[in-house]
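# Geometric and topological summary
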Amino acid sequence: MNQTETYQKLLKDAIELAAELKIEHTNWQTYLDSTQAQINEQTAPTFINGPLFDFVQNEMKHEFYWGDKCIPISFLTYSCMKAKGFDVELIIGNLNILNHPDDEFSCTTESLIQEYQYPNKENSFPGHAWVALGNDIIIDFAIRDRLVKRCRYPDDTKYNIAGPIDYIASNFNLQYKPMLTGLGFLSATSDIDFAADFKEI
């Protein structure tokens, strides 16, 4: 399978696992049906790289380094896109950078299930969070700083990690690995206040 097919299978499995665990989630087929029209309208790229990123940047203006802030950044991204009518999903999982033998984070599907069933909010989050639109578009504003600091990527503030999975894989050599979905996971395992309204952006 190519990168897109692999990601799509993992995303489908992640949505179905969230359903099994009774985490707040969306139905896989409903999700695909509702997002395809939004992608075809070509409104998403303009919004993502314009008003959405500007909003997140303003909200995070006091944070110098975003590489370990994936939870608040993905929540801002998710909430803003939802408020603007995009039927996005919040994804929890892992990430491989530059085909390294080890993934970037220590989480596994089993460890995330354990984390959800027996949450300890004092522990640091062992995985990564990003936002998905449709079955192959990723929005991950948090990872750029980590790539620059840890992996010597060029410090070019003009790019964001946002777009189709094959574009991200070929241009940044990143392999995203969805494991769970749904805001309910973060609500159960994080002490961040997720009760926010971002309609006015």
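Residues numbered from 1 in each chain as written. Predicted model: local features only at pLDDT ≥ 70, side-chain atom pairs only at ≥ 80, totals over all residues. Heavy atoms only, no water.

## Some points on the packing of aromatic side chains
Geometrically, a pair of aromatic rings is defined through the distance of the ring centres and the angle of the planes. Formally: Note on aromatic contacts: the rings of Phe and Tyr and the six-membered ring of Trp form a pair at centre separations within 6.5 Å, being stacked when their planes are under 30 degrees apart, edge-to-face when over 60 apart, and tilted otherwise. For the purposes of this entry, the term helix denotes a DSSP run of H or I that reaches at least four residues, the term strand denotes a run of E that reaches at least two, and both are numbered from the N terminus. For the exposure calls, accessible area comes from a 1.4 Å probe over protein chains only, and a residue counts as buried if that area is under 20% of its type's maximum, exposed if over 50%, partly exposed in between.
Per the counting criterion, the structure on display carries six aromatic pairs. Here Phe53 and Trp66 contribute two aromatic rings whose centre-to-centre distance is 6.2 Å and whose plane-to-plane angle is 55°, an arrangement assigned as tilted. One end of the pair, Phe53, is in helix H3 (residues 43-59); the other, Trp66, is in the loop between H3 and helix H4 (70-83), with 13 residues separating them in the sequence. A relative accessible area of 13% means that Phe53 is categorised as buried. Ring geometry for Trp130 versus Tyr176: centroids 4.9 Å apart, planes at 70°, classification edge-to-face.

## Examining the pattern of salt bridges
Note the following rule: Only one rule defines a salt bridge in this text: a Lys or Arg side-chain nitrogen within 4 Å of an Asp or Glu carboxyl oxygen.
Scanning the entire structure with this criterion turns up eight salt bridges. For the salt bridge of Arg146 with Glu104, the shortest nitrogen-to-oxygen distance reads 2.8 Å. Linking Arg146 in helix H6 (residues 143-151) with Glu104 in the loop between strand S1 (89-97) and helix H5 (109-117), this pair joins segments that are 42 residues apart in sequence. When sorted by exposure, Arg146 lands in the same class as Glu104, which is buried. Shared partners join several salt bridges into a network, and the residues in it are Glu63, Asp68 and Lys69.

## Overview of the packing of helix H1 (residues 3-20) against helix H7 (residues 165-172)
Worth spelling out the cut-off: An axis is simply a line fitted to the C-alpha atoms; with a helix, the fit covers only the stretch in contact. Between two such axes, the angle follows the N-to-C directions and lies from 0 to 180 degrees. Roughly parallel means an angle under 35 degrees; roughly antiparallel, over 145; roughly perpendicular, 65 to 115; everything else is oblique. When the near helix sits turned anticlockwise from the far one by under a right angle, the crossing is termed left-handed; a clockwise turn instead gives a right-handed crossing. Here, residues are in contact when the closest pair of their heavy atoms is within 4.5 Å.
Running from N to C, H1 and H7 cross one another at 125°; their axes reach a closest spacing of 8 Å. On the basis of the axis angle, H1 is oblique to H7. Along this stretch, H1 crosses H7, giving a crossing that reads as right-handed. Of the residues in H7, those in contact with Gln3, Thr4 and Tyr7 of H1 are Ile165, Asp166 and Ala169.

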